[in-house]
Amino acid sequence: MNPNLENKLKEELDELKTNNLLRTVDDLRFISSTKAIDNDGNEFLVFGTNNYLGLTHHPDVIKAAQETSESGTGSTGSRLTTGASFEARELENNISEFKNVESTLIFNTGYMTNLGVIYALTKENDVIFSDQLNHASIIDGTRISKAKVKVYKHKDTKDLENLILDEIESKKDSNLFIVSDGVFSMDGDIAPLPELVEIADKYNCTLIIDEAHATGVIGKTGKGTVEYYKDKTGIDLTDSVDLQIGTLSKALASEGGFVCGKQVYIDYLINKSRPFIFATALSPATIASANAALNLLKENSEEYLNNLNSNTSLMRKLLCDAGLNIVDGETPIIPIIIGPAELANKISKELEKEGIIVSAIRPPSVPKDMSRLRLTVIATHTKDEIEYTAQKIIEIWNILNKN
Ligand SMILES: Cc1ncc(COP(=O)(O)O)c(C=O)c1O
């Protein structure tokens, strides 16, 4: 027993509560890709998931999970012991083909992928250059790494180059790494990949791009950031990105993470990456549902991405026309900047009363005074749902902002 620690923890929690920063877990059950119920059976329209293509409720995805469960539920061990299901290899091959790379390795979450890749590849004398707004899993990967970490200003490639120049003389025998989200999880903007590639080539850096919110979301067939720039410039940067990291938990409607690139990296990670080696593998059913979602994306990319893009444009236009402060962009992550955490919380709670769930994102996930509603639109939202939600957000914002 340590009553002192208990008291200190309670004090910290009380302080979080006073500052409107206390996090709690509300129970929800999805009844479709866009609607969920709470414990009392109240129904909500949800505009906050990462289920970008709405495939969590596609019959093919559900059937794949059900049928695969027939041959057992848990994977029973790490991939290096007894957990090497056929489904895992099938999905890895499918991702490699989709991303047009040599090889892929699945991890249990996107979070563990970032930790496991960054920690395994970087050594004491190395330097990691990391975008200021990278996801927490990248930040945590750099924190547990023994390498030196330099954070460059968000998407500021001049700052990145200056930081590299500061290090390069004293780091002649070291490896340099540039790590960036492809689509940034909180602002929804897109990394300047061509410039990152240019700098990585110029200074011999290994380039790692986290495609968690890009795979299935940007690029004309949903291949992500590389395809997005190929569509724009005609230049294919696939071979210039050393490693793409992704997740199975967002557009691929399941859970898990992956890293893909040259075979040598994958062989190395199989041998050295602790989250891969020391964790029980994902269940075959989880992997099979991600694979079914990927197959659907490959077969229907035009339809899915058209729906996602037109829903995104409609929501962005409605909010923008009403004068809300949304971060400019083109992805379905639409941050409505509110400012104070208390007001963001209040708006989220008022929306809940109207049957709409949009999460308030507060520090430490975003900087102080940049609290926001992180609204996400998905391909299966209807026009009516988007218009209703935009109208409610605008009404509530107008009332609360005046008070
Ligand atoms: C950019 C980014 N990378 C990685 C992750 C972690 O992925 P997962 O939820 O599969 O652990 C997330 C979000 O969850 C993310 O936004």
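Residues numbered from 1 in each chain as written. Predicted model: local features only at pLDDT ≥ 70, side-chain atom pairs only at ≥ 80, totals over all residues.

1. Comments concerning the overall build of the protein
Here is step 1 of the chain: When you go through the protein residue by residue, the secondary structure sums to 13 helices and 14 strands.
Here is step 2 of the chain: Over its C-alpha trace the protein gives a radius of gyration of 22 Å, about what one expects of a compact globule, namely 22 Å for 403 residues.
Here is step 3 of the chain: Here the C-alpha coordinates of the protein stretch approximately 60 × 60 × 55 Å along the principal axes.
Here is step 4 of the chain: Among the 403 residues that make up the protein, the fraction classed as buried is 46%.
Here is step 5 of the chain: In the protein, once contacts between residues fewer than 6 apart in sequence are set aside, the share between residues at least 24 apart is 70%. (Helix = DSSP H or I, 4+ residues; strand = E, 2+ residues; numbered from the N terminus. Rg over C-alpha atoms; globule rule 2.2 N^0.38 Å. Buried ≥ 20, exposed ≤ 12 C-beta atoms within 10 Å, placed from the backbone. Contact = placed C-beta atoms within 7 Å.)

2. Things to note about the packing of helix H4 (residues 110-121) against helix H5 (residues 136-144)
Here is step 1 of the chain: Their axes nearest at 8 Å, the elements H4 and H5 cross at an angle of 30°. Between H4 and H5, the angle is such that the two are roughly parallel. The hand of the H4/H5 crossing is right-handed. Contact residues: Gly110, Tyr111, Asn114, Leu115, Ile118 and Tyr119 in H4; Ser137, Ile138, Asp140, Gly141, Thr142 and Ile144 in H5.
Here is step 2 of the chain: Residues belonging to the contact of H4 with H5 are distributed by class as follows: six nonpolar, five polar and one charged. (Axes fitted to C-alpha atoms, helices over the stretch in contact; angles between N-to-C directions. Parallel < 35°, antiparallel > 145°, perpendicular 65-115°, else oblique. Left-handed = near helix turned anticlockwise from the far one by under 90°. Nonpolar A, V, L, I, M, F, W, Y, C, P; charged D, E, K, R; others polar.)

3. Digging into the site of the ligand
Here is step 1 of the chain: Around the ligand sit 14 residues, and of these Thr109, Gly110, His135, Ser185 and Ala212 come closest.
Here is step 2 of the chain: No other element matches H4, which puts three residues into the shell around the ligand.
Here is step 3 of the chain: Of the residues belonging to the shell around the ligand, the class tally is two nonpolar, 10 polar and two charged. (Near = placed C-beta within 6 Å.)

4. Digging into the environment of Gly329
Here is step 1 of the chain: With respect to the secondary-structure elements, Gly329 resides in the loop between helix H11 (284-321) and strand S11 (333-339).
Here is step 2 of the chain: Considering only alpha carbons, one finds Gly329 and Asn94, 235 residues apart in sequence, at a separation of 30 Å.
Here is step 3 of the chain: For Gly329, the residues in contact, after removing those within four places along its chain, are Gly188 and Asp189.

5. Here we look at H5
Here is step 1 of the chain: When H5 is considered as a whole, its buried residues turn out to be Ser137, Ile138, Gly141 and Thr142. Looking straight down H5, one finds that the buried residues subtend no more than 140° of arc, so they occupy a single side. Relative to its buried face, H5 has exposed residues pointing more than 90 degrees away, namely Arg143 and Ile144.
Here is step 2 of the chain: Each element contacted by the buried residues of H5 is listed here: H4, strand S5 (127-131), strand S6 (148-152), strand S7 (176-181) and strand S8 (205-210). (Arc of directions from axis to C-beta.)

6. Comments concerning unusual backbone geometry
Here is step 1 of the chain: Cis geometry marks the peptide bond from Pro363 to Pro364; its omega dihedral reads 10°.
Here is step 2 of the chain: Inspection of the secondary structure assignment puts Pro364 in the loop between strand S13 (359-361) and strand S14 (371-376).
Here is step 3 of the chain: The phi torsion at Asn20 lies on the positive side, around 60°, for a residue other than glycine.
Here is step 4 of the chain: As for its position among the elements, Asn20 is in the loop between helix H1 (3-18) and strand S1 (29-30).
Here is step 5 of the chain: With a phi close to 60°, Asn100 is a non-glycine residue in the positive phi region.

7. Focus on the environment of Val377
Here is step 1 of the chain: Within the element layout of this structure, Val377 appears in the loop between S14 and helix H13 (383-402).
Here is step 2 of the chain: Judged by the 27 C-beta atoms lying within 10 Å of it, Val377 is buried.
Here is step 3 of the chain: Spatially, the C-alpha atom of Val377 lies 20 Å from that of Asn345, the residues being 32 residues apart in sequence.
Here is step 4 of the chain: Dropping the residues within four chain positions of it, Val377 is found in contact with Phe47, Asn311, Thr312, Met315, Pro332, Ile334 and Ile386.

8. Re the sheet that holds strand S2 (residues 35-37)
Here is step 1 of the chain: Reading across the sheet, the four strands line up as S1-S2-S3-S12 and stay open at both edges, with mixed pairing between neighbours. Of all strands in the sheet, those with a lone pairing partner are S1 and strand S12 (356-357), marking the two edges.
Here is step 2 of the chain: As defined by bridge partners, S1 adjoins S2 across two bridges and the pair is classed as antiparallel. Considered in S2, the bridge of Phe30 is made with Ala36. (Pairing = 2+ DSSP bridges.)

9. What about the sheet that holds S14?
Here is step 1 of the chain: The three strands are arranged S11-S14-S13 in an open sheet whose pairing can be described as antiparallel. The open sheet has two free edges, formed respectively by S11 and S13, since each of these has just one partner strand. Mean inter-strand twist for the sheet, computed between neighbouring axes without regard to direction, equals 30°.
Here is step 2 of the chain: When S13 meets S14, the two strands line up antiparallel, connected through three bridges. Bridged to Ala360 within S14 is Leu373.
Here is step 3 of the chain: Most of the contacts of helix H12 (residues 341-353) go to S14, to which it runs at about 35°, and overall it touches S11, S13 and S14.

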